[in-house]
Amino acid sequence: MPGLDAILLARNEEINQWLNENPLVLGGGALVLGLVLLGFGLKDVLTGRAHDKWGNEMQGGMANVMGIVRLVAGVGVAGFGLFKIAQAFL
């Protein structure tokens, strides 16, 4: 019996084709994800506190580094989302 990875990979071509035909959906999702990352990054930088993926709290310089990483990732993902949204209308 194939694993979950094989099932998802087998259906991946259909999903990718649908997303290529509907870039507004992909752009909207990316824009929302980018804005969430931007929000968390901004909060981390302003408060000087951040949480890692296990829930441990970081303070000081490490929290600022994590916030900057999240800000950069958020700008990149939101930029991609805006590009796909613009591509949908052009």
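Look up: the structure comes first, before these words.
Residues numbered from 1 in each chain as written. Predicted model: local features only at pLDDT ≥ 70, side-chain atom pairs only at ≥ 80, totals over all residues. Heavy atoms only, no water.

Undergrad: Would you mind showing me how to read the overall build of the protein here?
TA: Helix and strand counts for the protein come out as 3 helices and 2 strands. Put simply, the protein runs from its N terminus to its C terminus through helices and strands in the order α-α-β-β-α. When the accessible surface of the protein is totalled, it reaches about 6500 Å², and 69% of it is carbon and sulfur. (Helix = DSSP H or I, 4+ residues; strand = E, 2+ residues; numbered from the N terminus. Areas by Shrake-Rupley, 256 points an atom, 1.4 Å probe, with all protein chains shown as cover.)

Undergrad: Whenever I open this one, the pattern of salt bridges confuses me. Can you help?
TA: Pairing is possible between side chains of opposite charge, provided their charged atoms come close. Under the defined criterion, the tally for this structure stands at 3 salt bridges. Residue aspartate 44 pairs with lysine 43 through a salt bridge whose shortest N-O separation is 3.3 Å. Accessibility expressed as a relative area gives 36% for lysine 43, which makes it partly exposed. We note a salt bridge from glutamate 57 to arginine 49, for which the minimum N-O separation is 3.4 Å. Classification of glutamate 57 as partly exposed rests on a relative accessible area of 40%. By relative accessible area, which is 44% here, arginine 49 ends up partly exposed. Here the salt bridges do not stand alone but share partners, grouping Lys43, Asp44 and Arg70 into one network. (Salt bridge = Lys/Arg side-chain N within 4 Å of Asp/Glu carboxyl O. Buried < 20%, exposed > 50% of the residue type's maximum accessible area, 1.4 Å probe, protein only.)

Undergrad: So what exactly am I meant to see when it comes to the packing of helix 2 (residues 23–47) against helix 3 (residues 61–89) here?
TA: Pairs of packed helices are described in terms of their axes, by the angle between the two and the distance that separates them. Put simply, helix 2 and helix 3 touch, their axes get as near as 7 Å, and they point 160° apart. Of the possible angle classes, the one that applies to helix 2 and helix 3 is roughly antiparallel. As helix 2 packs across helix 3, the resulting crossing turns out to be left-handed. A breakdown of the residues in the contact of helix 2 with helix 3 according to their chemical character gives 24 nonpolar, 9 polar and 3 charged. (Axes fitted to C-alpha atoms, helices over the stretch in contact; angles between N-to-C directions. Parallel < 35°, antiparallel > 145°, perpendicular 65-115°, else oblique. Left-handed = near helix turned anticlockwise from the far one by under 90°. Nonpolar A, V, L, I, M, F, W, Y, C, P; charged D, E, K, R; others polar.)

Undergrad: Any chance you could explain a nonpolar patch on the surface here in plain terms?
TA: Taken together, the side chains of Val32, Val36 and Phe40 define a hydrophobic patch exposed on the protein surface, amounting to about 270 Å² of accessible area. Relative to the helices and strands, valine 32 resides in helix 2. (Patch = residues over 30% accessible without salt bridge, like charges linked within 9 Å, V, L, I, M, F, W, Y side chains within 5 Å.)

Undergrad: Quick question: what am I supposed to make of the environment of isoleucine 68 here?
TA: Counting through the fold element by element, isoleucine 68 comes out in helix 3. For isoleucine 68 and valine 45, which are 23 residues apart along the polypeptide, the C-alpha to C-alpha distance reads 7.0 Å.

Undergrad: What is the right way to read helix 2 from this model?
TA: Owing to its 3.6 residues per turn, the α-helix brings residues three or four apart onto one side. Here helix 2 spans 36 Å end to end across 25 residues, near enough to the 36 Å set by a 1.5 Å rise per residue. Among the residues making up helix 2, those that are buried are Pro23, Gly27, Ala30, Gly34, Gly41 and Asp44. Remark: glycine 48 follows helix 2 within two positions and exhibits a positive phi of approximately 75°. (Expected span 1.5 Å × (residues − 1).)

These figures come from the coordinates and say nothing about function on their own.
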